[in-house]
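Now for the letters of each chain:
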Amino acid sequence: MQSSKENPELMSIKTRAFLKWAGGKFKLIDEIGKRLPQGERLVEPFVGAGSVFLNSNYKRYLLCDINQDLINLYQLLQSAPQQYIDEARKLFAPEHNQKQRYLDLRMQFNASQDPFERSLLFLYLNRHGYNGLCRYNKKGGFNVPFGSYKRPYFPEKELQTFAAKAHLAEFKCIAYQQAFAEVTSMDVVYCDPPYAPLSTTANFTSYASNGFTLDDQAVLARTARHCAAEKGVSVVISNHDTALTRELYHGASLDSIQVQRNISQKGSARSKVPEIIALYR
């Protein structure tokens, strides 16, 4: 395995994503980067907030997610970044940082069919909502409560940084299976799926509600293994380090690392949990 000094795909200065994102990979960039092989294009079937995209140096990217609001926002930053930034800035005025105003704008977001309006409000909700969560109800309505932050940060610099690099990427709202179907022999694949539960009995109903079940975990592992074998590419996957994931990723090179997770609002409840990085090649 190459060290970071040997791998030209790594970047020395870490760049933050403009979105707050549960399970974001900013803190793990160095560990992930060390395990990403060289290649022409990086394919991410679960792009999320895009920390790996922002902190790697491939010639091209295929960045996918099933969240249409997320992909629409990225495409706008690619095609009309300054217009988007100028309009988004207006929503970060003090008069919009109030609970009732937040609820009104959340309702406006849920009623809107306009991609530009939804993209503006998506960033607003992300920065003003509780803990940066992205959650929809069964009817597709965004339902994260107000975050009550003193002064929500408008990530102008981070938006500009993302927009400056977006010309290297193709953004697609597709499922991970479709993303894998587009992988070619010159690609490297990085997967950051919804994590498997630390225990298969603890909070399973809550875990399964995100739509990514244990069966999905197994299918993803099989798809990654077959893709690496049949197309001759490297596939890297992050997940919790459990007996289940170690079984699922059999045949891969496995590294375990300790990652700090905030499991409650109290700092004293912060703890480190083991995560696994699997490499099929």
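Residues numbered from 1 in each chain as written. Predicted model: local features only at pLDDT ≥ 70, side-chain atom pairs only at ≥ 80, totals over all residues. Heavy atoms only, no water.

**Considering the overall build of the protein chain**
Helix and strand counts for the protein chain come out as 11 helices and seven strands. Taking all 281 residues of the protein chain together, 49% fall into the buried category. Expressed as a percentage of contacts within the protein chain between residues at least 6 apart in sequence, the contacts between residues at least 24 apart total 69%. Element-wise, carbon and sulfur atoms account for 50% of the exposed surface of the protein chain, whose accessible area totals about 14000 Å². (Helix = DSSP H or I, 4+ residues; strand = E, 2+ residues; numbered from the N terminus. Buried < 20%, exposed > 50% of the residue type's maximum accessible area, 1.4 Å probe, protein only. Contact = heavy atoms within 4.5 Å. Areas by Shrake-Rupley, 256 points an atom, 1.4 Å probe, with all protein chains shown as cover.)

**Things to note about the UniProt feature "binding site: S-adenosyl-L-methionine" (unreviewed entry) in the protein chain**
With numbering matched to this structure, UniProt assigns "binding site: S-adenosyl-L-methionine" (unreviewed entry) to W21, K25, D65 and D192. Mapped onto the secondary structure, K25 falls in the segment before α1 (29-34). On the accessibility criterion, K25 (4% relative accessible area) is buried. One polar contact links K25 to D192, side chain to side chain, over a distance of 3.0 Å. Position of D192 among the secondary structure elements: in the loop between β4 (187-191) and α9 (204-208). On the accessibility criterion, D192 (16% relative accessible area) is buried. Those residues in contact with D192, other than ones at most four positions away along the chain, are G23, K25, F46 and S238. (UniProt positions renumbered as here; feature names shortened; annotations may be inferred. Polar contact = N/O pair within 3.5 Å; in protein donor to acceptor, adjacent residues only side chain to side chain.)

**Details of the nonpolar core**
Counting residues in each nonpolar core, the largest one holds 54 residues, and the members touching the most others are F18, L36, Y74, L77, Y84, L123 and F162. Looking at this core element by element, the count peaks at seven residues for helix α6 (residues 115-128). Look past the residues within four positions of L77 in its chain and what remains in contact with it is F18, Y84, I85, L159, F162 and A163. In terms of nonpolar packing, the next biggest core, distinct from the first, is built from 26 residues, Y176, V189, L220 and A278 among them. (Core = buried A, V, L, I, M, F, W, Y, C linked by side-chain atoms within 4.5 Å.)

**A closer look at the pairing of strand β3 (residues 169-172)**
Burial along β3 is one-sided: A169 and F171 are buried, and none of E170 and K172, which face the opposite way, are. Direction of pairing for strand β2 (residues 60-64) relative to β3: parallel, over a ladder of four bridges. Among the inter-strand pairings, L62 is bridged to a residue of β3, identified as E170. (Pairing = 2+ DSSP bridges.)

**Quick look at the packing of aromatic side chains**
One pass over the structure, following the stated rule, counts 18 aromatic pairs. Ring geometry for Y136 versus F142: centroids 5.7 Å apart, planes at 90°, classification edge-to-face. Look at Y136 and you get partly exposed, because its relative accessible area is 26%. Judged by its relative accessible area of 3%, F142 is buried. Following the ring pairs from residue to residue traces out a cluster consisting of F18, F53, Y58, Y61, Y74, F162 and F171. If you follow K14 out to its NZ or CZ, it ends over the ring of F26, 5.3 Å from the centre. The side chain of R118 reaches across the aromatic face of F109, ending 4.1 Å from its centre. (Phe/Tyr/Trp six-rings, centres within 6.5 Å; stacked < 30°, edge-to-face > 60°. Lys NZ or Arg CZ within 6 Å of the ring centre and 35° of its normal.)

**Some points on the environment of Q258**
Mapped onto the secondary structure, Q258 falls in strand β6 (residues 253-261). Between the C-alpha atoms of Q258 and I276, which are 18 residues apart in sequence, the distance is 8.8 Å. Ignoring sequence-local partners within four residues, the contact set of Q258 consists of K272, V273 and P274.

**Examining the side chain of R41**
Mapped onto the fold, R41 is located in strand β1 (residues 41-44). We classify R41 as buried; its relative accessible area is 9%. Within the local environment of R41, its side chain forms a polar contact with the side chain of D187, the two groups lying 2.7 Å apart. In contact with R41, other than residues within four places in its own chain, are Y58, R60, Y61, L62, E182, V183, T184, M186, D187 and V188.

**Notes on the side chain of N97**
One can find N97 in the loop between α4 (81-90) and α5 (99-111). Residue class for N97 comes out buried when judged on its relative accessible area of 17%. A distance of 2.8 Å separates the side chain of N97 from the backbone oxygen of Y149, its partner in a polar contact. Among the polar contacts listed, one links the side chain of N97 to the backbone oxygen of K150, at a separation of 3.2 Å. Residue contacts for N97: discarding those within four places in its chain leaves H128, F146, Y149, K150, R151 and P152.

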